[in-house]
Amino acid sequence: QVQLVESGGGLVQAGGSLRLSCAASGSIISINAMGWYHQAPEKQSELVAAITSGGSTDYADSVKGRFTISRDNAKNTVYLQMNSLKPEDTAVYYCHAHGYLLGGTYMNYWGKGTLVTVSS
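Because the structure is a prediction, the values reported are computed rather than measured.

1. Quick look at the state of the cysteines
So, step 1. Within the structure shown, the criterion is met by one disulfide.
So, step 2. One disulfide in the model links Cys 22 with Cys 95; its S-S distance is 2.0 Å. Since a negative S-S torsion denotes a left-handed disulfide, the Cys 22-Cys 95 link at about -85 degrees is left-handed. A residue pair is termed long-range when its members are at least 10 positions apart, and Cys 22 in strand β3 (residues 18-26) and Cys 95 in strand β9 (residues 91-101) qualify at 73 residues. The same class applies to Cys 22 as to Cys 95, namely buried.

Take a look at the structure:
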C-alpha cells in the first residue's frame, strides 16, 4: 500500500504565502512524477503543477511566476511553494504520484487533499 500525506494548507490573506508538502510512503521503488491538483467548489479538478524525477516541471498558466514545485527524491516528498496568493486560488489541493512499487506494479495514487483558503 502507498500513502500520500499532505500538509500545509490553511487560511491566508490575499498576497500571502503557503507551502504545501506531500510525503509518499510504502513499498515504492520509484516515482516518475509527483504533482498537485486543485478543485474549487463546483469546478473540475485541474493540474496546478507537476515535477518529474529528473526535475522537469509543468505549471498551470494561472500560477506561473507565483507557485514553485520542488521535490526531494530521497524522501519521496513534493513541495508546492505558493506566493502572492489570490482568492481564486481557494480550493482543495490534492497530491498525486505515479511510479512503480516493489515487484514492478505500476502505482497511481492520490492524497486526501488539503484545503487552502485565501481571503480578500
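The rest of the description comes next.
2. Quick look at the packing of aromatic side chains
So, step 1. This model, assessed by the stated rule, comprises two aromatic pairs.
So, step 2. Ring centres of Tyr 37 and Trp 110 lie 4.9 Å apart, and the angle between their planes is 65 degrees; on these two criteria the pair is classed as edge-to-face. Here Tyr 37 is found in strand β4 (residues 28-39), whereas its partner Trp 110 is found in strand β10 (residues 106-110), with 73 residues between them in sequence.
So, step 3. Owing to a relative accessible area of 23%, Tyr 37 belongs among the partly exposed residues under this scheme.
So, step 4. Plain terms: the ring middles of Tyr 100 and Tyr 106 are 5.7 Å apart, the flat faces sit at 70 degrees to each other, and that makes the pair edge-to-face.
So, step 5. Residue classification places Tyr 106 among the partly exposed residues on the basis of a relative accessible area of 46%.
So, step 6. In this arrangement the basic side chain of Arg 19 is found over the ring face of Tyr 79, its NZ or CZ atom lying 4.2 Å from the centre.

3. Overview of the pattern of salt bridges
So, step 1. If you walk through the whole model with that rule in mind, you get two salt bridges.
So, step 2. With its nearest N and O atoms 3.1 Å apart, the salt bridge here joins Lys 64 to Asp 61.
So, step 3. With relative accessibility at 65%, the residue Asp 61 sits in the exposed group.
So, step 4. The salt bridge involving Arg 66 is made with Asp 89; its shortest N-O contact spans 2.8 Å. Of this pair, Arg 66 sits in the loop between β6 (57-59) and β7 (67-72) while Asp 89 sits in the loop between β8 (77-82) and β9, placing them 23 residues apart in sequence.

Rules used in this analysis
Residues numbered from 1 in each chain as written. Predicted model: local features only at pLDDT ≥ 70, side-chain atom pairs only at ≥ 80, totals over all residues. Heavy atoms only, no water. Disulfide = S-S within 2.5 Å. Helix = DSSP H or I, 4+ residues; strand = E, 2+ residues; numbered from the N terminus. Buried < 20%, exposed > 50% of the residue type's maximum accessible area, 1.4 Å probe, protein only. Phe/Tyr/Trp six-rings, centres within 6.5 Å; stacked < 30°, edge-to-face > 60°. Lys NZ or Arg CZ within 6 Å of the ring centre and 35° of its normal. Salt bridge = Lys/Arg side-chain N within 4 Å of Asp/Glu carboxyl O.

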